[in-house]
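One letter stands for each residue in the lines below.
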Amino acid sequence: MTIRLKLTLWYSIVIGLTLIAFSIIIYTFLSYSLAQEIDRNLAGRAMGVVRSIKVLDPGLLRSQKIVLPDVDVFGYPNTYLQVVDSNGNVVAKSSNLFNYNFPLSRAALAQSQNGESFYEWLEVGDQRMRIYNYPLVAENRVVGLLQVGQTFAGVQAALGRLRWLLWFISGLMILAAGTIGWWLAKAALKPVEDISKTATVIRQDLNLQQRIDYQGPRDELGQLVETLNSMLDSLEAAYQKLAESHDAQKRFVADVSHELKTPLTTIRGNIDLIRKMGDEHPDIRHEAMDDIASEAERMSRLVLDMLVLARADAGLTLPLKPVVLCDVIQQVARQAKLLAGAIDFKISLAEECQQTVILADPDYLKQLVFILLDNAFKYTTKPGTVELQVKCNQDQVQIEVKDNGMGIEPDELENIFARFYRSDKSRPVGGTGLGLSIAKWIAEQHQATLRVKSILQEGSTFTIMFPVYASNKFKIGGAREST
Ligand code: ADP
């Protein structure tokens, strides 16, 4: 059963029950009031008759000591009067009774002998009548009984018509309520229908860009549409991210196979060369061995990078311990010097940093600085300049790697930390696109921030800010702002 049908049914049932209850109340109240009115009327008429009775001398009615009025004077088209003596014999009656008499039971006669007035229902001819029995008393003796009656047929007919009217109006109202309810439910559920249609289209077409169009107020349905639309936003964003990461993975696989293929080809070529000419030409053998060693090293670097990221993905947290900053920087600088080649590599380690201790994993800290230096050397055309500057104050350590190389396009700046991202310009230079994402993960593990500022063709500056664990409270000298 649809919600629309359910709502309509409930709506009609509630309206129907309300109308039936209302009709019953009206009908009962009206029939009770009418009966009361008849009773009052009968009593009033009886009183009129009684007031007109003249008592000449107490005795039996037959002795003509009591003079009855002309009861016809008190009769109305629907009102009938009858007077009986204490034995139950009819003494007088209104002419509209013709040859009918009000039947009088023994019980009623006995009740009247007690001086009690009472109402009763009687069948007179084919008519049902309401009768008011009023004992006539003279000198403290019941000498007769006055009976005033009225037919109930008129009231019954009116009540019957009212009954039909109430049934008819109730039926009509229920029908109208059902029809209006059906349309109201349709209008109220229209947005739900729209939502379901849009959801079906989204499911069929897998079109996450589609949104539910809702123009109504911000009621419960408005909020539902808003929530669903924002859910679709998130889904679209997540799907897009997934698609991007899938593309990146595909690019990565292509890059990795390319990166692995080149050194493998070089290694194979060099091995062939050694086999063919190595024995006669020791110098050629020597050069080939060097090539093999350097290519093997490149391959192992790539594999190591992938390992680090795999560990990061597996939720590895680095065990940090207090480390003397200077020692680490000097070790990295020594290794980096070997890579500098024709590049002018300057190191500036502020005096204030001599005693500075930070919480770090020394190996990963070295790797972080090394990645930045390696990039600076890679993306700077020779002869360029690369500077490693370290400054400290009592709260923070700032490590800056600055080059005057090719720089990075402004719209690429936010992508370079993403995994596998490599700018088109940097493709001729070897790399995996993993370095900066590893650097970012290491920085996060050290509660450090890693930022970059770059101007195309002028150079780039990467800045890492570490919190200090312990220092000799030296003041930082000439620290530059970084973004
Ligand atoms: P890889 O260097 O192996 O390509 P990275 O993650 O280290 O991967 O760097 C991502 C990209 O960021 C590089 O491909 C390059 O385009 C850009 N990049 C990084 N450092 C520099 C830099 N010092 N100068 C210019 N571009 C850089």
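Residues numbered from 1 in each chain as written. Predicted model: local features only at pLDDT ≥ 70, side-chain atom pairs only at ≥ 80, totals over all residues. Heavy atoms only, no water.

Caption draft 1: Broad picture of the site of the ligand. Lining the immediate environment of the ligand, one finds 21 residues, of which Asn375, Tyr379, Arg422, Thr432 and Leu436 sit closest. In this structure, an oxygen atom belonging to the ligand sits 3.0 Å away from a side-chain N or O atom of Lys378. At a separation of 3.0 Å, an oxygen atom of the ligand approaches a polar backbone atom of Gly433. Against a free-state accessible area of 530 Å², the protein chains account for coverage of 98% of the ligand. (Near = heavy atom within 4 Å. Polar contact = N/O pair within 3.5 Å; in protein donor to acceptor, adjacent residues only side chain to side chain. Areas by Shrake-Rupley, 256 points an atom, 1.4 Å probe, with all protein chains shown as cover.)

Caption draft 2: Structural context of the state of the cysteines. Evaluation of the coordinates by the stated rule reveals 1 disulfide. Each sulfur in the disulfide pair Cys353 and Cys392 lies 2.0 Å from the other. Classification of the bridge connecting Cys353 and Cys392 rests on its S-S torsion, roughly 120°, and on that basis the disulfide is right-handed. Here Cys353, found in the loop between strand E9 (344–349) and strand E10 (357–360), pairs with Cys392, found in strand E11 (residues 385–392); they are 39 residues apart in sequence, far enough to count as distant. In terms of burial, Cys353 and Cys392 fall into one category: buried. (Disulfide = S-S within 2.5 Å. Helix = DSSP H or I, 4+ residues; strand = E, 2+ residues; numbered from the N terminus. Buried < 20%, exposed > 50% of the residue type's maximum accessible area, 1.4 Å probe, protein only.)

Caption draft 3: Fine view of the packing of helix H7 (residues 362–378) against helix H8 (residues 435–445). At a minimum axis separation of 9 Å, H7 and H8 run at an interaxial angle of 145°. Of the two elements, H7 crosses H8, and the hand of that crossing is left-handed. Two secondary-structure elements touch here, H7 through Tyr364, Leu365, Gln367, Leu368, Ile371, Leu372 and Asn375 and H8 through Gly435, Leu436, Ile438, Ala439, Trp441, Ile442 and Ala443. A class-by-class count of the residues in the contact of H7 with H8 yields 11 nonpolar, 3 polar and no charged. (Axes fitted to C-alpha atoms, helices over the stretch in contact; angles between N-to-C directions. Left-handed = near helix turned anticlockwise from the far one by under 90°. Contact = heavy atoms within 4.5 Å. Nonpolar A, V, L, I, M, F, W, Y, C, P; charged D, E, K, R; others polar.)

Caption draft 4: Focus on the side chain of Gln389. Counting through the fold element by element, Gln389 comes out in strand E11. Judged by its relative accessible area of 13%, Gln389 is buried.

Caption draft 5: Layout of the packing of aromatic side chains. Counting across every chain of the model gives 5 aromatic pairs. Geometrically, the ring pair formed by Tyr132 and Tyr134 is tilted, given 6.2 Å between the ring centres and 40° between the ring planes. Classification of Tyr132 by relative accessible area gives buried; the value is 7%. Measuring from ring centre to ring centre gives 5.8 Å for Tyr364 and Trp441, while their planes differ by 80°; the resulting arrangement is edge-to-face. Of this pair, Tyr364 sits in helix H7 while Trp441 sits in helix H8; the two residues are 77 residues apart in sequence, bridging distant segments of the chain. Trp441 carries the same exposure label as Tyr364, and that label is buried. (Phe/Tyr/Trp six-rings, centres within 6.5 Å; stacked < 30°, edge-to-face > 60°.)

Caption draft 6: Expanded view of the side chain of Asp39. As for its placement among the helices and strands, Asp39 is situated in helix H1 (residues 3–51). Ignoring any residue separated from it by four or fewer positions in sequence, one finds Asp39 in contact with Tyr119 and Arg130.

Caption draft 7: A look at the environment of Ile343. Mapped onto the fold, Ile343 is located in the loop between helix H6 (325–340) and E9. Distance from Ile343 to Asp283, taken between C-alpha atoms, is 29 Å for residues 60 residues apart in sequence. If we ignore the near neighbours within four places in the chain, the residues touching Ile343 are Phe377, Thr380, Lys382, Gly384, Thr385 and Val386.

Caption draft 8: Broad picture of helix H5 (residues 282–313). Its 32 residues give H5 an end-to-end C-alpha distance of 46 Å, which sits within 8% of 46 Å, the value for a rise of 1.5 Å per residue. Every buried residue of H5 is listed here: Ala288, Ile292, Glu295, Leu302, Asp305, Val308, Leu309 and Ala312. The positive-phi residue at the C-terminal boundary of H5 is Gly315, with phi of around 90°. (Expected span 1.5 Å × (residues − 1).)

Caption draft 9: Main features of the pairing of strand E4 (residues 90–93). Bridging between strand E3 (residues 79–85) and E4 involves 3 bridges; their strand directions are antiparallel. Residue pairing across strands places Val84 opposite Val90, the latter belonging to E4. Where E3 folds back on E4, the antiparallel hairpin that results is connected by 4 residues, among which Gly88 adopts a positive phi of roughly 95°. (Pairing = 2+ DSSP bridges.)

Caption draft 10: Representation of the nonpolar core within the structure. In terms of nonpolar packing, the biggest core is built from 53 residues, with Leu325, Leu373, Leu388, Val397, Ile399, Phe462 and Phe466 touching the most fellow members. For this core, the domains that each give at least three residues are domain 2 (220–313) and domain 3 (321–467). Sequence-distant contacts of Leu373, that is, excluding residues within four places in its chain, are made with Val332, Ala336, Phe345, Val386, Leu388 and Val401. Membership of the second largest hydrophobic core comes to 20 residues, among which are Leu42, Leu81, Val83 and Ala138. (Core = buried A, V, L, I, M, F, W, Y, C linked by side-chain atoms within 4.5 Å. Domains from an automatic or database assignment.)

Caption draft 11: Structural context of the pairing of strand E6 (residues 127–138). Here strand E5 (residues 118–124) runs beside E6; their pairing, made up of 7 bridges, is antiparallel. Its bridge partner being in E6, Tyr119 is matched across the sheet by Tyr132. With 10 bridges connecting them, E6 and strand E7 (residues 141–151) associate as antiparallel partners. Directly across from Pro135, in E7, lies its bridge partner Leu145.

Caption draft 12: Representation of a nonpolar patch on the surface within the structure. Judged by side-chain polarity, Met1, Leu5, Leu9, Trp10, Ile13, Val14, Leu17, Trp182 and Trp183 come together as a nonpolar surface patch covering roughly 980 Å² of accessible area. Element by element, the count of residues in the nonpolar patch is highest for H1, at 6 residues. Position of Leu5 among the secondary structure elements: in helix H1. Take Leu5: its relative accessible area is 33%, and that puts it in the partly exposed class. (Patch = residues over 30% accessible without salt bridge, like charges linked within 9 Å, V, L, I, M, F, W, Y side chains within 5 Å. Salt bridge = Lys/Arg side-chain N within 4 Å of Asp/Glu carboxyl O.)

Caption draft 13: Region of interest: the sheet that holds E3. The sheet built from 5 strands is open, its strands ordered E4-E3-E7-E6-E5 with antiparallel pairing. Looking at strand neighbours, the two that pair on one side only are E4 and E5, the edges of this open sheet. The sheet shows a mean angle of 30° between the axes of neighbouring strands, direction not considered. Pairing analysis gives 7 bridges linking E3 to E7, with the strands arranged antiparallel. Looking across to E7, one finds that Thr79 is bridged to Gln150. Strand contacts of H1: E3, E5, E6 and E7, with the helix running at about 35° to E6, the strand carrying the most contacts.

Caption draft 14: Local environment of a negative patch on the surface. Where like charges cluster on the molecular surface, the negative patch consists of Asp283, Glu287, Asp290 and Asp291. Residue Asp283 is classed as exposed on the basis of its relative accessible area, which comes to 52%. (Lys, Arg positive; Asp, Glu negative; His and termini not counted. Charge placed at Lys NZ, Arg CZ, Asp CG, Glu CD.)

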